[in-house]
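Spelled out, the chains give:
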Amino acid sequence: MPCPGPGKGDDRMLATDIGIQGSDLLTLHDLSAQTILDLLHLSAQLEHVQDAPLRGRTIGLLFRKPSTRTRVSFEVAALELGARSIYMTESQTQLSRGETVADTAKVLSRYLQALVVRTGSHEELEEFAAAASVPVVNALTDRFHPCQVLADLKTVLDAKGTLAGVEVAWVGDGNNMLQEWIVAAAKLGIHLRAACPAGYDPDPRVLALDGVSDHPPTLLRSPAEAVRGADVVITDTWISMGQEDSDRKRAAFQGFTVDEELMAKADPGAIFLHCLPAHRGEEVTDAVLDGPQSLVFDEAANRLHVQKALLLAILGE
Ligand code: CP
Ligand code: NVA
């Protein structure tokens, strides 16, 4: 059975219509706005996929950092599409004994039809992609997290019915998640205001990207100013994987906790998102995370749907 196809008279789309077959996904900057919207549309179609369009394919997951959501949602996405997956940690491969990234990518390309990589440096991911002869998907680097932000976008679209013109407030670190949101917002006409403590702004290289420099986020220091009237409030851990867990950094983030008082400054219909895992009581309180405006578990569920769309669009025939 091929990819889901358009039924007569409905708006179902073919995964191949998306136009990213065989492509890498290192950041949403790689995709056009239309491709992002098409992927979100396909992900909604695939929530209850019945057939197995990727039967016979094998997807590798090579993770140098821990993961709950990304690993499991990719494995289940592959399974539901009829493909199989192989999960590899750094210590289970010869990377741990110094085999080069390029040699690893070339060898794995002989066995697998796609490689999903979680690693520290974004440059290393680019090295994987340059050496691999199969599509490489970014499962998180220190610079970007495209699969998570696709799920965030689906969550916002489902809740608000639109993306263009939506007011999104980011409160916290200028990290991989904010940087991916900056790229997505610039492409999709989302108004993004980000409050980061001094010294923790997003990477100037991301702000200078084509398309981002013309549609930059509003960078602020005040969480209250960022959140005022917002439709969506987002935060993330103050200490990302691989970063030093320092008292200095925690001190810089005092006043950046998303609590009920801060949420009350947003639009009354605002939703709260967090990619998880959360550090409860630090960047967000239990009352917000478990409160009525929080969609964090729908957001996590959407990882599965968008990853199915992504795998199908990249590997479908
Ligand atoms: N949000 C996210 O990427 O979670 P994991 O680290 O559990 O994959
Ligand atoms: N910014 C976080 C996201 C975790 C999913 C990190 O990189 O650890």
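The model shown is predicted, which means the values in this text are computed figures rather than measured ones.

1. Here we look at the sheet that holds strand S5 (residues 167-171)
Strand pairing in a sheet takes place through backbone hydrogen bonds and is either antiparallel or parallel in direction. Reading across the sheet, the five strands line up as S7-S6-S5-S8-S9 and stay open at both edges, with parallel pairing between neighbours. Because the sheet does not close on itself, it has two edges, and the strands there are strand S7 (218-220) and strand S9 (271-274). Taking the axes of each pair of neighbouring strands and ignoring which way they run, one obtains an average angle of 20° across the sheet. Bridge analysis of strand S8 (residues 232-235) against S9 gives four bridges, and the strand direction is parallel. Bridge pairing links Val232 to Ile271 in S9. Contacts from helix H5 (residues 146-160) reach S8 and S9 within the one sheet, and its direction differs from that of S9 by about 170°.

2. Some thoughts on the sheet that holds strand S2 (residues 84-89)
On the basis of which strands lie adjacent, the open sheet formed by four strands has the order S2-S1-S3-S4 and parallel pairing. Two strands lie at the open edges of the sheet, namely S2 and strand S4 (136-138), each paired on one side alone. Pairs of neighbouring strands in the sheet enclose a mean axial angle of 20°, with direction left out of account. In this sheet, strand S3 (residues 114-118) lies alongside strand S1 (residues 58-63) in parallel orientation, the contact comprising five bridges. What sits directly across from Leu61, in S3, is Val116. Relative to the sheet, helix H2 (residues 69-80) contacts S1, S2, S3 and S4, its axis offset from that of S1 by approximately 175°.

3. Remarks on the site of ligand 2
In the vicinity of ligand 2, the contacting residues are Leu140, Asn175, Asn176, Asp236, Thr237, Ser240, Met241, Cys275 and Leu276. Here a nitrogen atom of ligand 2 and a side-chain polar atom of Ser240 are 2.7 Å apart. Backbone polar atom of Met241 to an oxygen atom of ligand 2: 2.8 Å apart, as the coordinates give it. Taken by itself ligand 2 offers 270 Å² of open surface, and the protein chains cover 94% of this. Residue composition of the shell around ligand 2, grouped by class: four nonpolar, four polar and one charged.

4. Overview of the pairing of S3
Walk down a regular strand and you will see the side chains alternate between the two sheet faces. Extensive coverage of S3 is indicated by the burial of five of its five residues. Neither face of S3 is exposed, since Ala114, Val116 and Arg118 on one face and Leu115 and Val117 on the opposite face are all buried. Strand direction decides the pairing type here: S3 and S4, joined by three bridges, are parallel. Counted as the bridge partner of Leu115 is Val136 from S4. Chirality of the crossover, the property in question, places the unit of S3, helix H4 (residues 122-131) and S4 among those that are right-handed.

5. Concerning the state of the cysteines
Simply put, the disulfide is a covalent bond whose two ends are the sulfur atoms of two cysteines. Applying the stated rule across the entire model yields zero disulfides. Sulfur of Cys147: no disulfide; nearest cysteine sulfur belongs to Cys275 and is 12 Å away. The class of Cys147 is buried, set by a relative accessible area of 0%. Take Cys196: it sits in no disulfide, and the sulfur closest to it among the cysteines is that of Cys275, at 14 Å.

The rules behind these values
Residues numbered from 1 in each chain as written. Chains lettered and ligands numbered in written order. Predicted model: local features only at pLDDT ≥ 70, side-chain atom pairs only at ≥ 80, totals over all residues. Heavy atoms only, no water. Pairing = 2+ DSSP bridges. Helix = DSSP H or I, 4+ residues; strand = E, 2+ residues; numbered from the N terminus. Axes fitted to C-alpha atoms, helices over the stretch in contact; angles between N-to-C directions. Contact = heavy atoms within 4.5 Å. Near = heavy atom within 4 Å. Polar contact = N/O pair within 3.5 Å; in protein donor to acceptor, adjacent residues only side chain to side chain. Areas by Shrake-Rupley, 256 points an atom, 1.4 Å probe, with all protein chains shown as cover. Nonpolar A, V, L, I, M, F, W, Y, C, P; charged D, E, K, R; others polar. Buried < 20%, exposed > 50% of the residue type's maximum accessible area, 1.4 Å probe, protein only. Right-handed = clockwise from strand over helix to strand, strands pointing away. Disulfide = S-S within 2.5 Å.

Shape is all these values report; function is a separate question.
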